[in-house]
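The lines below spell out each chain.
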Amino acid sequence: MIALLMRDLRLAFRAGGGFGLGLAFFLIVVVLVPFGVGPETELLSRIAPGILWVASLLAALLSLDRIFALDYEDGSLSLLATSPLPLEGVALMKALAHWLTTGLPLTLAAPLMGFLLSLAPEAYVYLFVSLLIGTPALSMIGTFGAALTVGIRRGGLLLSLLVLPLYVPTLIFGAETVRRGAEGLDPTGAGILMAGITAGCFAFLPFATAATLRINLR
Amino acid sequence: MLQVADLGCARGGVPVLKGVTFDVDQGQALILRGPNGIGKTTLLRTLAGLQPAIAGTVTFPEDEGAYASHADGIKTALTVTENLKFWADVHGAPLADDIFATFDLSDLRDRVGGTLSAGQKRRLGLARLGVIGRKVLFLDEPTVSLDAFSVKRFADWLQNRHLAAGGIAVIATHIDLGLAAPELDLSPFKAALDASGGADEAFL
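Residues numbered from 1 in each chain as written. Chains lettered and ligands numbered in written order. Predicted model: local features only at pLDDT ≥ 70, side-chain atom pairs only at ≥ 80, totals over all residues. Heavy atoms only, no water.

Student: Describe in detail the interface of chain A and chain B, supporting the description with residues and values.
Tutor: Contacts between the two partners involve 23 residues from chain A and, on the opposite side, 23 residues from chain B. Surface buried jointly by chain A and chain B totals about 2000 Å² across both partners, of which 64% is contributed by carbon and sulfur atoms. Taken together, chain A and chain B are joined by 4 salt bridges. Linking D74 of chain A and K75 of chain B is a salt bridge whose minimum nitrogen-to-oxygen distance equals 2.8 Å. Linking chain A with chain B are 7 residue pairs in polar contact (both at pLDDT 80 or more). For the side of chain A that touches chain B, the per-class residue count stands at 10 nonpolar, 5 polar and 8 charged. (Contact = heavy atoms within 4.5 Å. Buried area = accessible area lost by both parts, 1.4 Å probe. Salt bridge = Lys/Arg side-chain N within 4 Å of Asp/Glu carboxyl O. Polar contact = N/O pair within 3.5 Å; in protein donor to acceptor, adjacent residues only side chain to side chain. Nonpolar A, V, L, I, M, F, W, Y, C, P; charged D, E, K, R; others polar.)

Student: I'd like a description of the packing of helix α3 (residues 41-62) of chain A against helix α6 (residues 87-116) of chain A, backed by residues and values.
Tutor: If you want to describe how two helices pack, look at the angle between their axes and the distance between the axes. Residues and elements named next belong to chain A. At a minimum axis distance of 10 Å, the contact between α3 and α6 shows a crossing angle of 155°. Between α3 and α6, the crossing angle belongs to the class labelled roughly antiparallel. The interaxial crossing formed by α3 with α6 has right-handed handedness. For the pair formed by α3 and α6, the contact residues are L52, S56, A59 and A60 on the first element and H98, L106, A110, M113 and G114 on the second. Looking at the contact of α3 with α6 residue by residue, the class counts come to 6 nonpolar, 3 polar and no charged. (Axes fitted to C-alpha atoms, helices over the stretch in contact; angles between N-to-C directions. Helix = DSSP H or I, 4+ residues; strand = E, 2+ residues; numbered from the N terminus. Parallel < 35°, antiparallel > 145°, perpendicular 65-115°, else oblique. Left-handed = near helix turned anticlockwise from the far one by under 90°.)

Student: Before we move on, can you summarise the pairing of strand β3 (residues 29-33) of chain B with the specific residues and values?
Tutor: Residue and element names in this part refer to chain B. Among the 5 residues in β3, 5 count as buried, and that is most of the element. Of the strand pairs in this sheet, β3 and strand β7 (residues 168-172) are connected by 4 bridges, and their pairing is parallel. Its bridge partner being in β7, L32 is matched across the sheet by A172. (Buried < 20%, exposed > 50% of the residue type's maximum accessible area, 1.4 Å probe, protein only. Pairing = 2+ DSSP bridges.)

Student: Can you explain α3 of chain A? Please cite residues and give values.
Tutor: Residues that lie three or four places apart on an α-helix share one face, since the helix turns once every 3.6 residues. All names here are of chain A. Over its 22 residues, α3 extends 29 Å from the first C-alpha to the last, a length consistent with the 32 Å expected when each residue adds 1.5 Å. The sharpest bend along α3 reaches about 50° and sits at A48, with the proline P49 one to four residues further on. Those residues of α3 not exposed but buried are L44, A48, P49, L52, W53, A55, S56, L57, A59, A60 and L61. Where α3 is buried, its residues touch α2 (21-37), α6, α7 (124-149), α8 (156-182) and α9 (188-217). (Expected span 1.5 Å × (residues − 1). Bend = angle between axes of the 7 residues up to and from the residue.)

Take a look at the structure:
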């Protein structure tokens with residue numbers, strides 16, 4: 001399974017792999033917001049948690065359709081399905097590779113972007129932690145969505161429509177964690193709920209993803 | 001080692017073959033024949049476990065099956081060696097050095113997959129079979145886009161390395177591979193078009 005993870009990471013960093021696209025998208029969206037809503041620091045600082053979370057969610061969405069589509073097209077997915085790797089493990093490794101190439105860079109870059117939106121100083125640590133815990137769920141849910149739409153021509157848009165509603169709980173509790181942190185309230189409740197969603201996703205979705213892949217490969 | 005009994009398989013919900021029965025012993029190959037659309041690919045995918053059979057059973061030693069089709073699963077951004085190394089790692093097998101010579105890939109080791117010609121890609125795809133060390137091979141048109149020389153080379157590998165070591169191969173092909181193997185014509189197993197069509201009549 002490590003071989004699969006290493007291959008996916010290597011592919012992401014090679015030419016045409018799309019590494020950094022999500023991060024660049026995140027950067028641009030966040031930079032655009034002050035142009036759109038005006039440069040009032042008070043307003044920006046109030047909406048910063050929500051903007052940062054929505055932007056990272058959209059950035060994570062960008063590269064989802066590549067998770068299985070490329071392997072499906074060149075036949076690797078069929079070959080993986082007949083290999084000794086369990087498809088559940090394949091799903092988990094795919095989600096992990098997606099997180100390492102999008103979620104983790106987003107998490108690391110978000111505090112920097114928070115500065116652009118004059119995020120409250122107390123909120124930085126919560127922004128970082130909430131993204132660190134929340135973005136893996138985005139990758140895992142997205143992997144499930146990618147499995148649902150694999151083999152469908154131009155399935156990217158359908159994938160977004162399927163996956164975005166499933167992102168809502170993570171978004172609500174993630175942004176709430178940061179907002180509460182920024183206002184000096186206790187953010188643990190929202191944070192723990194979000195961590196619970198992430199844990200639940202990783203417990204159930206690899207199996208759902210594998211079952212979906214088996215059906216889609218028929 | 002491979003037993004297929006009364007197998008029925010469907011493509012897109014429509015039954016294409018039924019009652020397929022054959023045995024393949026250790027060290028033997030079976031060539032599937034039949035016109036386009038008879039269901040050779042469907043049969044091979046069913047045998048490999050990629051799709052469920054609608055009837056009958058397929059038995060072969062667990063975790064010994066490997067499937068190879070028109071799509072080679074080659075990553076265009078990885079080199080030939082990296083591609084093979086990946087499949088070797090996935091199957092927990094070593095990447096033997098002689099595999100490059102066997103499949104005429106020695107000069108291409110560090111070439112990126114995307115720059116290979118169709119025939120070279122095919123050779124790389126077939127080399128995967130030599131790497132993963134599986135005993136029961138389901139090969140769908142393995143010689144497409146290979147030149148005569150490469151076909152001979154592949155047939156030699158199949159006969160002298162794979163089958164000689166007790167392996168099995170079920171091959172769908174339209175050309176003569178030069179293997180001493182029995183042939184199975186699939187035409188008699190064609191499923192009648194209305195084999196499951198009774199369902200519609202209830203609503204008419």
